[in-house]
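Listed below are the residues making up each chain.
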Amino acid sequence: MAALHIAFALAIFTGNAIGVNNGLARTPQMGWNNWNSLGCDVSESLLHDTSKTIVDSGLRDVGYNYVVLDDCWSAGRDEEGFLQEDLDKFPSGMSNVANEIHKKGLLFGMYSSAGEMTCARYAGSLDWEENDAKSFANWGADYLKYDNCYHMGRFGTPKISFDRYKVMWDAINSTGRPMLYSLCNWGEDYTHTWGMSIANSWRMSGDIYDSFSRPDDLCSCTDASNPHCIAPGSHCSVLNIVNKVAAYADRAQPGGWNDLDMLEVGNGGMTDEEYKAHFSLWAALKSPLLMGNDLRDLSASSLTILNNPAVIAVSQDPLGRSVARIRRDLNVAKDKYGVGEIQVWSGALYDGDQVVILLNAAGEDARISASLEEIFLHEGPESSAPQVKEEWEVYDLWANRMDNAIAQKILDAQGEEELSKLFKEANWYNATEMSYKEGLKKKDQRLMGKKIGKIAPGGSLDKKVKRHSVEMYRLKSVGQGGKRYKMHAKEEL
Ligand SMILES: *[C@@H]1O[C@H](CO)[C@@H](O)[C@H](O)[C@H]1NC(C)=O
Ligand SMILES: *[C@@H]1O[C@H](CO)[C@@H](O)[C@H](O)[C@H]1NC(C)=O
């Protein structure tokens, strides 16, 4: 057993040492992107108003710092072959747009495609990488989302796709301006096996859509590790994406993350419980957390999902390891789409804590139980993990969700004075003042959730979980637990 643990630890060390080494995305990036709610409807005023809301609603200070402009911003190339911003949509010019965003303490992301055109058929960056990276750097971009449309057949093997995406990484690097590089090639050509060498994150599925479980022909692949999955598509449900990433959730590492696509929280197609489940899974799987709703009409209930510091602390945990699925039960009640399953996810956190998600994607409420033996399966099978013999405190990470009435007051507040009073009253977690890493070291109560009980040595978690919903817990060892990750601590924490 000891040998196995050491081999595993070494694999993690190596993972930290390689990669793009641009110092970015040591924890999954957080921010906002316009695509899910607004598509091509982009403008300078949209970015201005959105940035203002991100600051005023407290979202910046809970961690969302990238404002990412997606497709449809350009007006083609000039005679020298440089991309021009569309001055009807961005009358002040892109540099000034970036400046305004920077002045608010936020970072600016841009978009292009590794193809002759972008997905919405604007000029693409394939074979123009050096010029375009220079433009992004000159404008002051801090992030590039790089799509996969119109690639002129340059895909089909991992090597061909890797080379095509590496050209832009090298071009960004030569500008000297650090930019978070976010690949969007939908998991084609096994991105999860090479993405971390040239990028900070890589999409692993077709585009998400605003449904929890509905299957759609446009997202025909249900298993991305299947080589016949040739059309990643779009209209992928939350459950479809989660089921695909399960086979390689462990590829997430500081500096390089599986990207499950932008969030749909607040876009209206799911229930509150489904959005909580979506957000919980994205956080625990270490996906980038990019809000995808129109923040100009942010609702209180969306805000209180997006700002839950106990869940975000799992995403931003300095250990940087994803949860893994330890159980999938398909023999349960189906929903109206004929879909139904129950899953248990578990993963290591900083300081020996463990996060557990009980996912009820079945057609009716259910009791879900998970024994310590299952929860710590990845630390040693058949009850061999030392954690199984420990006593654990259980903290519910959603129990202290902010009250919607308080969130509404924050959204309605006029002026900074009233806002800062409300933030104090709400005991807002301010990650700008104290990073999640610091907060976790200090065991800040807001990051722990609410203590709801204990699990005895050899015991189980056993909870009722509503249909299309999750329960999400942080487990803290009462005794000696936590010591075993001190090795990782040296490297990363
Ligand atoms: C967080 O802290 C920063 C720095 O002190 C401050 O400017 C900001 O207003 C605070 N934000 C919230 C939401 O309290
Ligand atoms: C360029 O790559 C080198 C080597 O990986 C790295 O040290 C450096 O930080 C990179 N620079 C930028 C601007 O990304």
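Residues numbered from 1 in each chain as written. Chains lettered and ligands numbered in written order. Predicted model: local features only at pLDDT ≥ 70, side-chain atom pairs only at ≥ 80, totals over all residues. Heavy atoms only, no water.

1. What to know about the site of ligand 1
Short version of the rule: Being near a molecule or strand, for a residue, means having at least one of its heavy atoms within 4 Å of it. Residues adjacent in sequence count toward polar contacts only when both atoms are side-chain atoms; beyond that, a polar contact is any pair of N or O atoms within 3.5 Å, and within protein one must be able to donate a hydrogen and the other to accept it. Note on residue classes: Ala, Val, Leu, Ile, Met, Phe, Trp, Tyr, Cys and Pro are nonpolar, Asp, Glu, Lys and Arg are charged, and everything else, Gly too, is polar.
Surrounding ligand 1, one finds Asp61, Phe423, Trp428, Asn430 and Glu433. Between ligand 1 and the protein, one listed contact pairs an oxygen atom with a side-chain N or O atom of Glu433 at 2.8 Å. Considered class by class, the residues forming the shell around ligand 1 number two nonpolar, one polar and two charged.

2. Comments concerning the site of ligand 2
Lining the immediate surroundings of ligand 2 are Val20, Asn21, Asn22, Trp169, Asn173, Gly176, Arg177 and Pro178. Between ligand 2 and the protein, one listed contact pairs an oxygen atom with a side-chain N or O atom of Asn173 at 2.4 Å. In the shell around ligand 2, the residues fall into three nonpolar, four polar and one charged.

3. Regarding the side chain of Glu273
Definition in use: The helix count covers DSSP runs of H or I at least four residues long, the strand count covers runs of E at least two residues long, and both are numbered beginning at the N terminus. Burial classes follow relative accessibility: with a 1.4 Å probe on protein chains only, a residue under 20% of its type's maximum area counts as buried, one over 50% as exposed, and anything between as partly exposed. Pairs of residues are marked as contacts when any of their non-hydrogen atoms sit within 4.5 Å.
Its location among the elements puts Glu273 in helix H9 (residues 272-284). For Glu273, a relative accessible area of 18% corresponds to the buried category. At 3.3 Å, the side chain of Glu273 and the side chain of Lys466 are in polar contact. Look past the residues within four positions of Glu273 in its chain and what remains in contact with it is Lys466, His468 and Ser469.

4. What to know about the domain arrangement of the chain
How we decide: How far each domain reaches was decided by an automatic or database domain assignment. The term buried area refers to how much accessible surface (probe radius 1.4 Å) is lost by two components on association, counted for both of them together. Whenever Lys or Arg places a side-chain nitrogen within 4 Å of a carboxyl oxygen from Asp or Glu, that contact is recorded as a salt bridge.
When its domains are assigned, the chain resolves into domain 1 (2-315) and domain 2 (324-400 + 449-492). The centre of domain 1, based on its C-alpha atoms, is set 28 Å off from the matching centre of domain 2. Each partner contributes to the roughly 2,700 Å² buried at the junction of domain 1 and domain 2, and carbon and sulfur atoms together form 69% of this total. Of the charged contacts, one joins Glu273 and Lys466 as a salt bridge, the two residues approaching to 3.3 Å between their closest N and O atoms. In this structure, the connection of domain 1 to domain 2 is made through nine residue pairs in polar contact (both at pLDDT 80 or more).

5. Considering the sheet that holds strand S11 (residues 324-329)
Keep this limit in mind: Any two strands are treated as partners once DSSP identifies two or more bridges connecting them. Interaxial angle, 0 to 180 degrees, is taken between N-to-C directions of lines fitted to C-alpha atoms, where a helix line uses only the stretch in contact.
Taken in spatial order, the six strands line up as S11-S12-S13-S18-S15-S16 in an open sheet, and their pairing is antiparallel. This sheet does not close on itself; its edge strands, each paired only once, are S11 and strand S16 (450-455). The average undirected angle you get between the axes of adjacent strands in this sheet is 25°. Strand direction decides the pairing type here: strand S15 (residues 392-396) and strand S18 (residues 469-477), joined by five bridges, are antiparallel. Looking across to S18, one finds that Glu393 is bridged to Lys476. Strands S11, strand S12 (341-348) and strand S13 (354-361) of the sheet are contacted by helix H8 (residues 238-245), whose axis makes an angle of about 50° with S12. Along the sheet, H9 contacts S12, S13 and S18; its crossing angle with S18, the most-contacted strand, is approximately 40°.

6. Considerations on H9
The test is simple: Multiplying 1.5 Å by the residue count of a helix minus one yields the expected span of that helix.
Given a rise of 1.5 Å per residue, 13 residues ought to cover 18 Å, and the 18 Å separating the end C-alpha atoms of H9 matches this to within 8%. Burial within H9 is extensive, with 12 of its 13 residues counted as buried. Inspection of H9 places Glu273, Glu274, Tyr275, Lys276, Ala277, His278, Phe279, Ser280, Leu281, Trp282, Ala283 and Ala284 among the buried residues, and these make up the whole buried set. Of the residues trailing H9, Lys286 is marked for its positive phi of about 65°.

7. Remarks on the packing of H8 against H9
Convention followed: Each angle gets one of four labels, with under 35 degrees taken as roughly parallel, over 145 as roughly antiparallel, 65 to 115 as roughly perpendicular, and the rest as oblique. Two helices cross in a left-handed way if the nearer one is turned anticlockwise from the farther one by less than a right angle. They cross in a right-handed way if the turn is clockwise.
One can describe the packing of H8 onto H9 by two numbers: an axis separation of 11 Å at closest approach and a directional angle of 20°. In terms of axis orientation, H8 runs roughly parallel to H9. Crossing hand, H8 versus H9: left-handed. In this structure, H8 contributes Val238, Ile241 and Val242 to the contact, and H9 contributes His278, Leu281 and Trp282. The residue inventory of the contact of H8 with H9, partitioned by class, reads five nonpolar, one polar and no charged.

8. Considering the sheet that holds strand S9 (residues 257-259)
Spatially, the eight strands line up as an open sheet ordered S9-S8-S7-S6-S5-S2-S1-S10, and their pairing is parallel. Each edge of the open sheet is held by one strand with a lone partner, namely S9 and strand S10 (289-291). Averaged over all pairs of adjacent strands, the angle between strand axes in this sheet comes to 25°, irrespective of strand direction. Pairing of strand S5 (residues 107-113) with strand S6 (residues 143-147) involves five bridges; the strand directions are parallel. In the strand pairing of S6, Tyr111 is matched with Lys145.

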